[in-house]
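Next come the chains, spelled out residue by residue.
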Amino acid sequence: MQKMKYIRYLAYTIELLVLFMVQETPGLVPSLFGARPVLLIPAALSISMFENEVASMSFGLLGGLLIDFGGGAVLGYHGLLLSVTCYAIGLFAANLIQTNFLTSMIAAVVVTGVLLFLHWVFFYVLYNYDYAAYALTAHYIPRFCYTVAVMPITYFFNRALAMQIREKEE
């Protein structure tokens, strides 16, 4: 039933927008060790565990562009990277891997690590920033840990959402 699929997509879109507002509101999410999480990465990854490749890519693109808007980064940087990784995760989840908590956590660790490491390389190392090692240890590693720690919440929320709406589709 197409109507339920559109309702599910609308719920995912609202989820990404709400997480974007929560992420960008100062003081709403407490900082741990001087870092705040990037809430949209685990949300996009957990959505891609339950959707097909094209839908995963679309939500990855939306989440990445929201990160770019909020972070003041180069427009499209996170959008491109997150859409490609969400496409791959959607493809793997549909054909190769079993969708469960363990695989979602492995995907979160790998993808978040790669995204934040590439951001550090492109915006600190290649610019010959004098304190690149300090930025990595003081900002990127705590942000990585905090972002991965949010993955269980987004995974179980999106799992419940996908299963609840798919039940009504049948």
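Residues numbered from 1 in each chain as written. Predicted model: local features only at pLDDT ≥ 70, side-chain atom pairs only at ≥ 80, totals over all residues. Heavy atoms only, no water.

Another aspect to go through is the layout of surface pockets. Volume-wise, the largest pocket comes out at about 330 Å³. As for the largest pocket, its lining consists of 15 residues, of which Q23, V38, I67, G71 and R143 are closest to the centre. When residues of the lining of the largest pocket are traced back to their parent elements, those giving at least two are α1 (2-24), α3 (53-71), α5 (101-125) and α6 (132-169). For the lining of the largest pocket, the element with the highest residue contribution is α3, accounting for 3 residues. (1 Å grid on protein atoms, 1.4 Å probe; cavity = no way out; pocket = protein on both sides within 12 Å on 5 of 7 lines; lining within 4 Å. Points joined across faces, edges and corners; volume = space filled by probe spheres on them. Helix = DSSP H or I, 4+ residues; strand = E, 2+ residues; numbered from the N terminus.)

Now for the packing of aromatic side chains. Summed over all chains, the structure comprises 12 aromatic pairs. Through pairs of rings, three or more aromatic residues link up here, namely F50, F101, Y155 and F156. In this arrangement the basic side chain of R143 is found over the ring face of Y140, its NZ or CZ atom lying 6.0 Å from the centre. (Phe/Tyr/Trp six-rings, centres within 6.5 Å; stacked < 30°, edge-to-face > 60°. Lys NZ or Arg CZ within 6 Å of the ring centre and 35° of its normal.)

Taken together, the side chains of V54, M57, Y87, L91, F92, L96 and I97 make up a nonpolar region of the molecular surface, amounting to roughly 610 Å² of accessible area. When residues of the nonpolar patch are traced back to their parent elements, those giving at least two are α3 and α4 (77-95). Here the nonpolar patch takes 3 residues from α4, the largest share from any one element. By secondary structure assignment, the location of F92 is in helix α4. (Patch = residues over 30% accessible without salt bridge, like charges linked within 9 Å, V, L, I, M, F, W, Y side chains within 5 Å. Areas by Shrake-Rupley, 256 points an atom, 1.4 Å probe, with all protein chains shown as cover. Salt bridge = Lys/Arg side-chain N within 4 Å of Asp/Glu carboxyl O.)

Take the environment of C86 next. Checked against the element boundaries, C86 lands in helix α4. As for C86 and S46, which are separated by 40 residues in sequence, their C-alpha atoms are 9.0 Å apart. Apart from residues lying up to four places away in sequence, C86 is in contact with A44, L45, S48, S56, M57 and G60. (Contact = heavy atoms within 4.5 Å.)

Two numbers describe how α3 lies on α4: the axes approach to 7 Å, and their chain directions differ by 155°. It follows from the interaxial angle that α3 and α4 lie roughly antiparallel. Regarding α3 and α4, the two cross each other, and that crossing is right-handed. Facing α3, whose interface residues are E53, S56, M57, G60, L61, G63, G64, L65, I67 and D68, α4 presents Y77, H78, G79, L82, S83, C86, Y87, G90, L91 and A94. When its residues are assigned to classes, the contact of α3 with α4 shows 10 nonpolar, 8 polar and 2 charged. (Axes fitted to C-alpha atoms, helices over the stretch in contact; angles between N-to-C directions. Parallel < 35°, antiparallel > 145°, perpendicular 65-115°, else oblique. Left-handed = near helix turned anticlockwise from the far one by under 90°. Nonpolar A, V, L, I, M, F, W, Y, C, P; charged D, E, K, R; others polar.)

A few words on the confidence of the model for the protein. Per-residue confidence for the protein gives a mean pLDDT of 90; residues scoring 70 or more make up 96%. Of all secondary-structure elements in the protein, the lowest mean pLDDT belongs to α6, at 89, while helix α2 (residues 40-48) reaches the highest, 95. (pLDDT = per-residue confidence, 0-100.)

This next bit is on the nonpolar core. In terms of nonpolar packing, the biggest core is built from 37 residues, with Y12, L16, L40, L45 and F59 touching the most fellow members. Of all the secondary-structure elements, those providing two or more residues to this core are α1, α2, α3, α4, α5 and α6. Among the elements that make up this core, the one with the highest residue count is α6 (8 residues). Counting 6 residues, the second largest nonpolar core, distinct from the first, contains L116, W120, V121 and A135. (Core = buried A, V, L, I, M, F, W, Y, C linked by side-chain atoms within 4.5 Å. Buried < 20%, exposed > 50% of the residue type's maximum accessible area, 1.4 Å probe, protein only.)

Our focus in this paragraph is α4. Look at α4: 28 Å from first C-alpha to last across 19 residues, which is about the 27 Å you get at 1.5 Å a residue. Turning to α4, its buried residues are Y77, H78, G79, L82, S83, C86, I89, G90 and A93. Packed against the buried residues of α4 are α2, α3 and α5. (Expected span 1.5 Å × (residues − 1).)

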